[in-house]
Amino acid sequence: EDQVTQSPEALRLQEGESSSLNCSYTVSGLRGLFWYRQDPGKGPEFLFTLYSAGEEKEKERLKATLTKKESFLHITAPKPEDSATYLCAVRGYSGAGSYQLTFGKGTKLSVIP
Amino acid sequence: AAGVIQSPRHLIKEKRETATLKCYPIPRHDTVYWYQQGPGQDPQFLISFYEKMQSDKGSIPDRFSAQQFSDYHSELNMSSLELGDSALYFCASSLLAGPTSTDTQYFGPGTRLTVL
């Protein structure tokens, strides 16, 4: 069974204070690791997909990295509008043709002006 | 760019009633997924359809059923509703076939179901 653990559960940062969110995973063969941002009461918004260890992707103040056991979402000089819950999800070899995602419980990020 | 559309956005039902949730995927997407997110919980996969055929099944109760129609929209039918069914229900879509295929799932805004 695929498992995803995210830490910390909650993170408060001052505006401009860089930090990283962690996503540890256990899968029977990783077929993809996905980062989403979710605002309260809204659907997850796609950020990044990573497929193999060593891969990195960037978008504005966000950078996602992947190792064989975990992924990090680095936030550089965050702004208050970056406040949201960040979800990590994996797609493993849970069955032929399966594309279901297993999500972590998320990290709730608050950026204080 | 067009996104996933879900309707209704909010739904209030009594126990033992039925509910139907609708999902319209991003145009030209061939796969639809349904997820349930309880209060303070992570999204849990329910079921998916590829080219109108059920492609995967997760923790979907027997009281729930779903289908994908010829125009690729999908409906999630929920019967004998229970208090514990109160949650956000998300639909996501992706394009799995063709030269521009991607396994990235794009989520809709969700339907908030409240069972009283």
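In this report, we go over the structure that sits alongside the text. Everything quoted here is computed from the prediction, not taken from an experiment. (Residues numbered from 1 in each chain as written. Chains lettered and ligands numbered in written order. Predicted model: local features only at pLDDT ≥ 70, side-chain atom pairs only at ≥ 80, totals over all residues. Heavy atoms only, no water.)

**So, unusual backbone geometry**
Part 1 of the argument: A cis amide bond links A:Ser7 with the next residue in sequence, A:Pro8, at an omega value of -10 degrees.
Part 2 of the argument: The residue A:Pro8 is located in the loop between β1 (3-7) and β2 (10-14) in this model. (Helix = DSSP H or I, 4+ residues; strand = E, 2+ residues; numbered from the N terminus.)

**Some remarks on the pairing of β2(A)**
Residues and elements named next belong to chain A.
Part 1 of the argument: Of the two faces of β2, the one holding Leu 11 and Leu 13 is buried and the one holding Ala 10, Arg 12 and Gln 14 is not buried anywhere.
Part 2 of the argument: As paired strands, β2 and strand β11 (residues 107-112) are joined by 5 bridges and run parallel to one another. Each bridged residue has a counterpart across the sheet, and for Leu 13 the counterpart in β11 is Val 111. (Buried < 20%, exposed > 50% of the residue type's maximum accessible area, 1.4 Å probe, protein only. Pairing = 2+ DSSP bridges.)

**A word on the interface of chain A and chain B**
By convention, interface size is frequently given as the accessible area that disappears when the constituent parts associate.
Part 1 of the argument: At the interface, 20 residues of chain A touch 20 residues of chain B.
Part 2 of the argument: Each partner contributes to the roughly 1,600 Å² buried at the junction of chain A and chain B, and carbon and sulfur atoms together form 52% of this total.
Part 3 of the argument: Of all residues in chain A, A:Tyr99, A:Gln100 and A:Phe103 give up the largest surface area on contact with chain B, accounting jointly for 31% of the area buried on that side.
Part 4 of the argument: Taken together, the connections running from chain A to chain B amount to 2 salt bridges.
Part 5 of the argument: Two residues, B:Asp42 and A:Lys105, come together in a salt bridge whose shortest N-O distance is 3.1 Å.
Part 6 of the argument: For the interface between chain A and chain B, the tally reads 9 residue pairs in polar contact (both at pLDDT 80 or more). (Contact = heavy atoms within 4.5 Å. Buried area = accessible area lost by both parts, 1.4 Å probe. Salt bridge = Lys/Arg side-chain N within 4 Å of Asp/Glu carboxyl O. Polar contact = N/O pair within 3.5 Å; in protein donor to acceptor, adjacent residues only side chain to side chain.)

**Let's talk about the sheet that holds strand β6 (residues 56-59) of chain A**
Residues and elements named next belong to chain A.
Part 1 of the argument: If you trace the 5 strands from one edge of the open sheet to the other, you get β1-β3-β8-β7-β6, paired in antiparallel fashion. With one partner strand each, in any of the chains shown, β1 and β6 form the two edges of the open sheet. Within the sheet, the average angular offset between the axes of one strand and its neighbour, ignoring direction, is 15 degrees.
Part 2 of the argument: Where β1 and strand β3 (residues 19-26) come together, 5 bridges link them in antiparallel fashion. Considered in β3, the bridge of Gln 3 is made with Thr 26. (Axes fitted to C-alpha atoms, helices over the stretch in contact; angles between N-to-C directions.)

**Considering the side chain of B:Ser94**
Residue and element names in this part refer to chain B.
Part 1 of the argument: By secondary structure assignment, the location of Ser 94 is in strand β9 (residues 87-95).
Part 2 of the argument: Side-chain polar atoms of Ser 94 contact the side chain of Tyr 33, separated by 2.7 Å.
Part 3 of the argument: Not counting residues up to four positions away in its chain, the partners in contact with Ser 94 are His 29, Asp 30, Thr 31, Tyr 33, Thr 102, Thr 104 and Gln 105.

**Overview of the sheet that holds strand β7 (residues 64-68) of chain B**
Residue and element names in this part refer to chain B.
Part 1 of the argument: Pairing in this open sheet of 4 strands is antiparallel, and the strands run β1-β3-β8-β7 from one edge to the other. At either margin of the open sheet sits one strand with a lone partner, and together these are β1 (5-7) and β7. Averaged over all adjacent pairs, the angle separating strand axes in this sheet is 15 degrees, with direction ignored.
Part 2 of the argument: Alignment of β1 against strand β3 (residues 19-24), held across 3 bridges, turns out to be antiparallel. The partner of Gln 6 across the bridge, within β3, is Cys 23.

**Some remarks on the environment of A:Leu21**
Residue and element names in this part refer to chain A.
Part 1 of the argument: Tracing the sequence through the fold places Leu 21 in strand β3.
Part 2 of the argument: Separated by 69 residues in sequence, Leu 21 and Val 90 have C-alpha atoms that sit 16 Å apart.
Part 3 of the argument: In contact with Leu 21, not counting residues within four places along its chain, are Ser 7, Leu 11, Trp 35, Ser 71, Phe 72, Leu 73, Ile 75, Tyr 86 and Thr 107.

**Quick look at the packing of aromatic side chains**
Part 1 of the argument: Enumeration over the complete set of coordinates arrives at 10 aromatic pairs over all chains.
Part 2 of the argument: With a centroid separation of 6.0 Å and an interplanar angle of 70 degrees, the aromatic rings of A:Tyr36 and A:Phe46 are classed as edge-to-face. Here A:Phe46 lies in strand β5 (residues 45-50) and A:Tyr36 lies in strand β4 (residues 30-38), a separation of 10 residues in the sequence.
Part 3 of the argument: By relative accessible area, A:Tyr36 is classed as buried at 0%.
Part 4 of the argument: A centroid spacing of 6.4 Å and a plane angle of 80 degrees characterise the contact between B:Phe90 and B:Phe107, whose relative ring orientation is edge-to-face. Taken together, the residues span a long stretch of sequence, with B:Phe90 in strand β9 and B:Phe107 in strand β10 (residues 102-107) at a distance of 17 residues. Both residues of the pair, B:Phe90 and B:Phe107, belong to the buried class.
Part 5 of the argument: Each member of the aromatic cluster is reached from another via a ring pair, and the members are A:Tyr36, A:Phe46, A:Phe103, B:Tyr35, B:Phe45, B:Phe90, B:Tyr106 and B:Phe107. (Phe/Tyr/Trp six-rings, centres within 6.5 Å; stacked < 30°, edge-to-face > 60°.)

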